[in-house]
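The chain contents come next:
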Amino acid sequence: MKGVIAQIAPSVIIDDASHEIGPGDVHAAAWALAGYWHLYPSGTVHVVVVDPGVGSERRALAVECDGRFLVGPDNGGFSRAVFAAKSWRAVAIENAALLRVEISATFHGRDIFAPAAAHLARGTPLDSFGPAVTDPVLLELPIPVQQADAVEGTVVHIDRFGNLVTNVPATLVPGAAEVHIRGRRVSLQRTYSDVESGELLALTGSHGHIELAVRDGSAASVLQAGRGAAVVIKLQ
Amino acid sequence: MKGVIAQIAPSVIIDDASHEIGPGDVHAAAWALAGYWHLYPSGTVHVVVVDPGVGSERRALAVECDGRFLVGPDNGGFSRAVFAAKSWRAVAIENAALLRVEISATFHGRDIFAPAAAHLARGTPLDSFGPAVTDPVLLELPIPVQQADAVEGTVVHIDRFGNLVTNVPATLVPGAAEVHIRGRRVSLQRTYSDVESGELLALTGSHGHIELAVRDGSAASVLQAGRGAAVVIKLQ
Amino acid sequence: MKGVIAQIAPSVIIDDASHEIGPGDVHAAAWALAGYWHLYPSGTVHVVVVDPGVGSERRALAVECDGRFLVGPDNGGFSRAVFAAKSWRAVAIENAALLRVEISATFHGRDIFAPAAAHLARGTPLDSFGPAVTDPVLLELPIPVQQADAVEGTVVHIDRFGNLVTNVPATLVPGAAEVHIRGRRVSLQRTYSDVESGELLALTGSHGHIELAVRDGSAASVLQAGRGAAVVIKLQ
C-alpha cells in the first residue's frame, strides 16, 4: 500500500497509526480511529483497511469529516468518527481512473484504498471518486442507560495494557466514586498512582471515558472480562 | 539504522515495510519483498536485514532491480525480486568510505547496510560500492509440477492471518475448482465472502498465487500445516 | 501523539524508533534509547513515553544531550543517554502555552510530550518550557566489579532475539575467552557463525557490551535467565 501511495503522491508523508488492530476487528478499528482522526491537521487522509468482507459487494468509501478524509471499506469502521464529526459527507469509490488497473478480489487495500487515498492527498475532489453515499454502514454502539442513582454501561474496548474501556463518558457521571463490574466494587480514582501496584481502579481514560485498569497490570486478566461486559457506575 | 540514514541523507523519507518477519527467516523476507519492491517508485532503496549470518564471510550486497535498489546480506533474501525483475545487477558493498568507520561483528544493519542505503538514496552510483557480483545467493524455490489433470505445489509462506500461500500462480490453473491438502478437498472460490465464517476455502491471494484460508480464522491452525506442505490443484 | 505533532509542526518527519518496549518497562526504554539517540542528527527530538507514573506528581522533562533533545516523564528513562552524553541540561515542562489546552490525567504523551516535542522541533528554545532541572531521576544501574582474574557483571537487558545483554563493555575485558552464567561456561566468540546452530555463545553486541546468545535461538529460554542474572567474565 505504501508503495502504491508513493508512486501516485511521491511527496506525501505516510505513517502508521496503529499496529494493534486484530484481524477483522472492525470495532477496535473504529475505536482507535475515534481517538486520533480529529487531532491531525485538516486535509489528512486516514486509510483504515480492516476488511473482513474484501471482495464481496460491500462498497468502498471515501468520507470527509470536518476537513479530514477517511478511506476504507463500508463496514462500520468509520462509525465513531462520523458520529463525532460536526459534518460529514461520503462517496462510493468507483472511478476506475483513480484506482489500480487490475483489482484483485482479496487485497483492496493495495488496489483501491491506497490509490484513492493518494489521489485525495494530492487534492483530487471527493466528488471525483463516485456517487454520494448517505447511508454508510454504522455499528450499533451500545448507549449508556441512565437510572436514578446510577449509569449502566458496557465495556466497548480493551486496550493494549488490558484496560477495559466503557461507553460511559466521564462527563455523564460527575462526582461518581464507584464502578461495579462482575460482582466487584472498584473505586474511581484520578490516576494510576492513586492506588498501589497490582490494585484495581477505575479512572477516566484518554478518550474521556470511564475505564477499569490495574496499576502495572491487566484489568482484562484480573477481571476475566472483555468487550460487552456490563458495568454500573454509581452516582453520588 | 534510521539514525544513521538520517545523518547521511537528512531529507530522505524512511518507512517500515513490515514488522512481521521472524528472526532469521530469510524465506519470509524474500516473500514479503516480492510483494512490494516493484510497487514503489524508481529510485526507492529497500533495506532488508534478516541476517542470521552476520559477522561471517557472507557478502554484503547492493542490487539494482528495474530501477529500485535492494541492500542487505547475500543470503537469498532478494531471490524472488531478482527472479521477477526484467533486469538486475549487483555489487558487493566494500568501499569503506561509504560505511561507518567502525564495523561491529554483530550489527551490519547499522554499520554497513544503513549507510550504504543512505548513500544510494542520495544518488551515489552502484558501481562506487564495490565489485560486480554475478552469483548472488538464491534460494532454491520449489517449482510447481504440472501433471495431466492437476498441478502439484507447495506451501511457501504463511501470512499473519494464517493463510497458507502456495507456489502455484492462479494463471497456471485456469478454471481449477478444487485444492487437495492433508487429505482435505477444499473448493476454490473468488473471495472470503463466498463461504461461511469459519469455513475453509482456497482463493487467489494478493501475490496472485493460490492460497488456503479460513474465513475469519486461520488455515494454518485448522489444517495444522506449514511451509513445505504439499498441495494438489485439480484441473477441470 | 503523531496527530498533535503534525498540527503544530506539519513539515516535521515523525518516525517510530521501537515497538518492543513492554508496558511500563523504563529499563528497557533506557536501554533502547542508549543505542540510538546519538546516531541521529543534531536537533533530533526523541520522545520517550514509557510512563507508569502518568498523572502523579512526577515531573515532565525536556533534556538536551549533545545537541539532541529528549522529551518524556522524569522516571529514569533518559539515564543511559544522560550518563553517556558529553554535556546535558534539563528543564521541567511547565509552560502551558506550549501544551494542549486540556491536560488529561492519563495520557500525557498526547497532551504534554507530543506538543512539547513539536515545539522543540520547530526551534522553540529549551528555556521556554520551564525552570532548569539539575536532579533528574536516574536509574541505579549496576556497575561491573573488577576482580584480579575476572569481572563480575549483571544481565541488564533481554533483546527481541532472547539475547542476554550484560553491563560489561567488551573494552573492560580484552582477551577474555569465557563467561560463567548459571553454572554454565560459555566461550566468547567473535560472531554467531563461530558456533553451530542451536549452540550457546558469548559475544560483543551492538552496544559494545558482552552478551549471551544462542545461534538461531534464544539464550533467555535456554539459560532460563533474565534481567539481574549474575555473570562472571574470566580474564586471560
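Below or above, wherever it landed, is the structure these notes cover. Just so you know, these numbers come straight off a predicted model, no measurement behind them.

1. Considering the overall build of chain A
At step 1: Counting secondary structure elements, chain A contains five helices and 13 strands.
At step 2: Its C-alpha atoms give chain A principal-axis dimensions of about 60 × 35 × 30 Å.
At step 3: Counting only residues that meet the buried cut, chain A has 52% of its 236 residues in that class.
At step 4: Considering only intrachain contacts with a sequence separation of at least 6, the fraction spanning at least 24 residues in chain A is 62%.
At step 5: The centroid of the 18 positive side-chain charges in chain A is displaced by 2 Å from the centroid of its 24 negative side-chain charges.

2. Focus on the relation of the copies chain B and chain A
At step 1: Laying chain B over chain A is done by rotating through 120° and shifting 0.0 Å along the axis; what remains is an RMSD of 0.0 Å. Such a turn and shift between the copies fits a three-fold axis.
At step 2: An overlap of only 11% is found between the interface residues of chain B and their copies at the interface of chain A, pointing to separate contact surfaces.

3. Remarks on the sheet that holds strand S1 (residues 45-47) of chain C
Residue and element names in this part refer to chain C.
At step 1: The five strands lie next to each other as S1-S3-S2-S4-S5, forming an open sheet whose pairing is mixed. Single-partner strands in this sheet number two, and they are S1 and strand S5 (132-133).
At step 2: Here strand S2 (residues 60-65) pairs with strand S3 (residues 68-73) via six bridges, running antiparallel. By the bridge assignment for S3, Glu64 is matched with Phe69.
At step 3: Each of S1, S2 and S3 is contacted by helix H4 (residues 108-121), which is oriented at about 165° to S3, the strand it contacts most.

4. Topic: the interface of chain B and chain A
At step 1: Each partner contributes residues to the interface: chain B has 19 residues there, and chain A has 19 residues.
At step 2: Here chain B packs against chain A, burying approximately 1,600 Å² in sum over the two surfaces, 52% of which is carbon and sulfur.
At step 3: Among the residues of chain B in contact with chain A, B:Asp15, B:Leu39 and B:Ser206 are the three that bury the most area, contributing 31% of the side total.
At step 4: Viewed at the interface, chain A and chain B are joined by one salt bridge.
At step 5: The closest approach of N and O atoms between A:Lys2 and B:Asp15, which form a salt bridge, is 3.2 Å.
At step 6: At the boundary of chain B with chain A, the tally comes to nine residue pairs in polar contact (both at pLDDT 80 or more).

5. Examining the packing of aromatic side chains
Residues and elements named next belong to chain B.
At step 1: Following the criterion strictly, the structure yields three aromatic pairs over all chains and no others.
At step 2: Between Tyr36 and Tyr40 the ring centres are 6.0 Å apart and the planes differ by 70°, which places this aromatic pair in the edge-to-face class. The two residues Tyr36 and Tyr40 agree in class, both being buried.

6. Considerations on the pattern of salt bridges
Residues and elements named next belong to chain B.
At step 1: One pass over the structure, following the stated rule, counts 39 salt bridges over all chains.
At step 2: Notably, a salt bridge pairs Arg59 with Asp74, separated by 2.9 Å at the nearest N-O pair. Linking Arg59 in the loop between strand S1 (45-47) and strand S2 (60-65) with Asp74 in the loop between strand S3 (68-73) and helix H3 (79-84), this pair joins segments that are 15 residues apart in sequence.
At step 3: Arg59 sits in the partly exposed class, given a relative accessible area of 29%.

7. Some thoughts on the pairing of strand S13 (residues 230-234) of chain B
Residues and elements named next belong to chain B.
At step 1: Across the two faces of S13 the burial differs, with Val231 and Ile233 buried and Ala230, Val232 and Lys234 not buried at all.
At step 2: Here strand S7 (residues 150-158) runs beside S13; their pairing, made up of five bridges, is antiparallel. From the neighbouring strand, Val151 faces S13, where its bridge partner is Ile233.
At step 3: Across three bridges, the pairing between strand S9 (residues 178-181) and S13 is antiparallel. Residue pairing in the sheet places His180 in a bridge with Val232 of S13.

8. Comments concerning the pairing of strand S13 (residues 230-234) of chain C
At step 1: Bridging between strand S9 (residues 178-181) of chain C and S13(C) involves four bridges; their strand directions are antiparallel. The partner of C:Val179 across the bridge, within S13(C), is C:Ile233.

Cut-offs applied
Residues numbered from 1 in each chain as written. Chains lettered and ligands numbered in written order. Predicted model: local features only at pLDDT ≥ 70, side-chain atom pairs only at ≥ 80, totals over all residues. Heavy atoms only, no water. Helix = DSSP H or I, 4+ residues; strand = E, 2+ residues; numbered from the N terminus. Buried < 20%, exposed > 50% of the residue type's maximum accessible area, 1.4 Å probe, protein only. Contact = heavy atoms within 4.5 Å. Lys, Arg positive; Asp, Glu negative; His and termini not counted. Charge placed at Lys NZ, Arg CZ, Asp CG, Glu CD. Least-squares fit on C-alpha atoms with pLDDT ≥ 70 in both. Pairing = 2+ DSSP bridges. Axes fitted to C-alpha atoms, helices over the stretch in contact; angles between N-to-C directions. Buried area = accessible area lost by both parts, 1.4 Å probe. Salt bridge = Lys/Arg side-chain N within 4 Å of Asp/Glu carboxyl O. Polar contact = N/O pair within 3.5 Å; in protein donor to acceptor, adjacent residues only side chain to side chain. Phe/Tyr/Trp six-rings, centres within 6.5 Å; stacked < 30°, edge-to-face > 60°.

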